[in-house]
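So you can see what is in the structure, the chains are spelled out below.
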Amino acid sequence: MKIKEIISVLEEMAPLAYAEDFDNVGLLVGNQESEATGILVCHDALENIIEEAIAKNCNMVVCFHPILFSGLKKITGKNYVERAVIKAIKNDIAIYAVHTALDNHQEGVNKIFSDALGLINTKILIPKQNFIRKLVTFTIPENAEEVRNALFDAGAGNIGNYENCSFNSKGIGTYMGNEHSNPQVGERFEFVQGEEIKIEVTFEKHLENKILKALFKSHVYEEVAYEIYELQNQHQNIGLGMIGELKNPMTEKEFLLFAKEKMQCGGIRHSNFIGKEIKKVAVLGGAGSFAIKNAIQAGADAYLTADLKYHQYYEAENKLLLADIGHFESERNTKNYIVDYLRKKILNFAVILSEENSNPVKYL
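Residues numbered from 1 in each chain as written. Predicted model: local features only at pLDDT ≥ 70, side-chain atom pairs only at ≥ 80, totals over all residues. Heavy atoms only, no water.

- Per an unreviewed UniProt entry, the chain carries the name GTP cyclohydrolase 1 type 2 homolog and comes from Flavobacterium glaciei.
- UniProt annotates the chain under Subunit (unreviewed entry) with the comment "Homohexamer." (UniProt positions renumbered as here; feature names shortened; annotations may be inferred.)

Brief notes about the packing of aromatic side chains
- In total, this model carries 6 aromatic pairs according to the counting rule given.
- Taken together, a centroid distance of 6.3 Å and an interplanar angle of 55 degrees make the contact between Phe-22 and Phe-69 tilted. A residue pair is termed long-range when its members are at least 10 positions apart, and Phe-22 in the loop between α1 (3-13) and β1 (26-29) and Phe-69 in the loop between β3 (60-65) and α3 (80-90) qualify at 47 residues.
- For Phe-22, a relative accessible area of 53% gives the class exposed.
- Overall, Phe-69 belongs to the partly exposed group, its relative accessible area being 43%.
- Summarising the aromatic geometry, the rings of Tyr-310 and Tyr-314 are spaced 6.0 Å apart at their centres and angled 85 degrees between planes, so their arrangement reads as edge-to-face. (Phe/Tyr/Trp six-rings, centres within 6.5 Å; stacked < 30°, edge-to-face > 60°. Helix = DSSP H or I, 4+ residues; strand = E, 2+ residues; numbered from the N terminus. Buried < 20%, exposed > 50% of the residue type's maximum accessible area, 1.4 Å probe, protein only.)

Let's talk about the nonpolar core
- Counting 27 residues, the largest nonpolar core has Met-60 and Leu-342 as the members making the most contacts within it.
- Take this core: its biggest share by element is 6 residues, from α1.
- Discounting chain neighbours no more than four positions away, the residues touching Met-60 are Ile-3, Ile-6, Ile-7, Leu-10, Gly-38, Ile-39, Leu-40, Ile-93, Ala-94 and Tyr-96. (Core = buried A, V, L, I, M, F, W, Y, C linked by side-chain atoms within 4.5 Å. Contact = heavy atoms within 4.5 Å.)

Focus on the domain arrangement of the chain
- By the assigned domains, the chain splits into domain 1 (3-100 + 332-353), domain 2 (105-128 + 239-325) and domain 3 (131-231).
- Placing the centre of domain 1 and that of domain 2 at their C-alpha centroids yields a distance of 29 Å.
- Opposite the 11 residues of domain 1 that make contact, domain 2 presents 9 residues.
- Contact with domain 2 buries area across many residues of domain 1, yet Arg-332, Asn-333 and Tyr-337 alone supply 48% of it, more than any other trio.
- Where domain 1 meets domain 2, there are 1 salt bridge.
- Its salt-bridge partner being Lys-128, residue Glu-20 comes within 3.1 Å of it at the nearest N-O pair.
- Counted by class, the side of domain 1 that touches domain 2 contains 7 nonpolar, 2 polar and 2 charged residues. (Domains from an automatic or database assignment. Buried area = accessible area lost by both parts, 1.4 Å probe. Salt bridge = Lys/Arg side-chain N within 4 Å of Asp/Glu carboxyl O. Nonpolar A, V, L, I, M, F, W, Y, C, P; charged D, E, K, R; others polar.)

A look at the pairing of strand β6 (residues 132-139)
- Relative to strand β8 (residues 192-204), β6 runs antiparallel, the two being bridged by 8 bridges. The partner of Lys-134 across the bridge, within β8, is Thr-202.
- Note that β6 and strand β9 (residues 226-230) share 5 bridges and pair antiparallel. Within β9, the residue paired with Arg-133 across the bridge is Glu-230. (Pairing = 2+ DSSP bridges.)

A short note on the pairing of strand β14 (residues 321-324)
- The side-chain alternation of β14 yields two buried faces, one formed by Leu-321 and Ala-323 and the other by Leu-322 and Asp-324.
- Note that strand β11 (residues 269-270) and β14 share 2 bridges and pair antiparallel. Across the sheet, the residue bridging to His-270 is Ala-323, located in β14.
- In this structure, strand β13 (residues 302-306) lies alongside β14, joined through 4 bridges in parallel fashion. Within β14, the position partnered with Ala-302 by the bridge is Leu-321.

A look at the side chain of Asn-59
- Along the polypeptide, Asn-59 turns up in the loop between α2 (47-55) and β3.
- Looking at Asn-59, its side chain comes within polar contact range of the main-chain oxygen of Glu-35, at 2.8 Å.
- A distance of 2.8 Å separates a polar side-chain atom of Asn-59 from the backbone nitrogen of Thr-37.
- Once residues lying within four places of it in the same chain are set aside, the contact partners of Asn-59 are Ile-3, Glu-35, Ala-36, Thr-37, Gly-38, Asp-92, Ile-93 and Ala-94. (Polar contact = N/O pair within 3.5 Å; in protein donor to acceptor, adjacent residues only side chain to side chain.)

Digging into the sheet that holds β13
- Sheet architecture is open: 6 strands sit in the order β5-β10-β12-β13-β14-β11, paired in mixed fashion. Only two strands of the sheet have a single partner each, and these edge strands are β5 (120-128) and β11.
- On the sheet, helix α5 (residues 109-116) packs against β5, β10 (235-250), β12 (278-287) and β13 and is oriented at approximately 140 degrees with respect to β12.
- Sitting on the sheet, helix α8 (residues 252-262) is in contact with β10, β11, β12, β13 and β14, with an inclination near 120 degrees to β10. (Axes fitted to C-alpha atoms, helices over the stretch in contact; angles between N-to-C directions.)

Here we look at the pattern of salt bridges
- In the structure shown here, the tally under the stated rule is 16 salt bridges.
- In this structure, Glu-47 and Arg-83 form a salt bridge, with 3.6 Å as the shortest nitrogen-oxygen distance. Of the two residues, Glu-47 sits in helix α2 while Arg-83 sits in helix α3, which places them 36 residues apart along the sequence.
- For Glu-355, the salt bridge identified is with Lys-56, shortest N-O distance 3.2 Å.

Things to note about the sheet that holds β1
- Strand order in the open sheet formed by 5 strands is β1-β4-β3-β2-β15, and the pairing between neighbours is mixed. Strand pairing shows two members of the sheet lacking a second neighbour, β1 and β15 (351-353), which therefore form its edges. The average angle at which neighbouring strand axes cross in this sheet is 30 degrees, direction not considered.
- Here strand β2 (residues 39-44) pairs with β15 via 3 bridges, running parallel. Counted as the bridge partner of Ile-39 is Val-351 from β15.
- Running over the sheet, helix α11 (residues 334-345) touches β2, β3 and β15 and is turned about 165 degrees from β15.

Structure below.
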């Protein structure tokens, strides 16, 4: 199995188009044409992780955090990033990162976080914007079903919990071909007027090339008329954070102790208790201070995230319980999810969970 085949599976799990613009995801080190000997899954692709991969005969490391986040002008081994990259290159080990591509997936980091807390009725906290596009095309009635089905097969027409969604309307189309034309209906220089079906479908923007390829292949016209629009709609199934409900409400202290146990935290920093019963909970794995206002607006009683600064605790405004459970802790179950996913998709192949704890934060 080549590394590029594993990459295809990883991109099904966490499409790279889902990642935030600032992020650096995908294949960071290595040749996708190389034959894979095994996959080591970890949280951070540090030097000791690369050594573990070597010892376990894995020439591909799949990590959550990208070891290469910003550009490198020199690779001299002067810091932990450069040392890991040098060791990987010397030993022909590929490094692939998923990060916010999995953060934004509805079954990804924040669903894993929510499931660990037993939250129900979950939904995305900050739905992704400017991610949905709309295709409008026109064809003869005899060709409409074929075109529609081709578009659906390519990934168009998914709205929330529904698939194969389209709007179809009848109208009159006109055209006249020139001397270079080869019309499906009518002749050159003939003014043709006939019934057409207008087909409208939405799709995720990263699927555009695939959608258009399906359209051109299934359409009977020599020149396919189509229009693509960018929609302002939020994508309810893609985005950062998640909000859900506890099955049974708890006091603030009970909830924090519960979260500490479930997420295996060394400690939890939190805002003032305000005597509010905790039922509705928002979560965002990793650094999530930017979403405090979103959690408040969504009506959360508590918001669990990480990497909060001193003054950001004031932003709770006595409206919710704000808690920093630790960056690693908020994402700790992610690598297990990746391993389980790969083992289900790639049979009879070594997919190994790293034994190394890469959390740089320690507690007394």
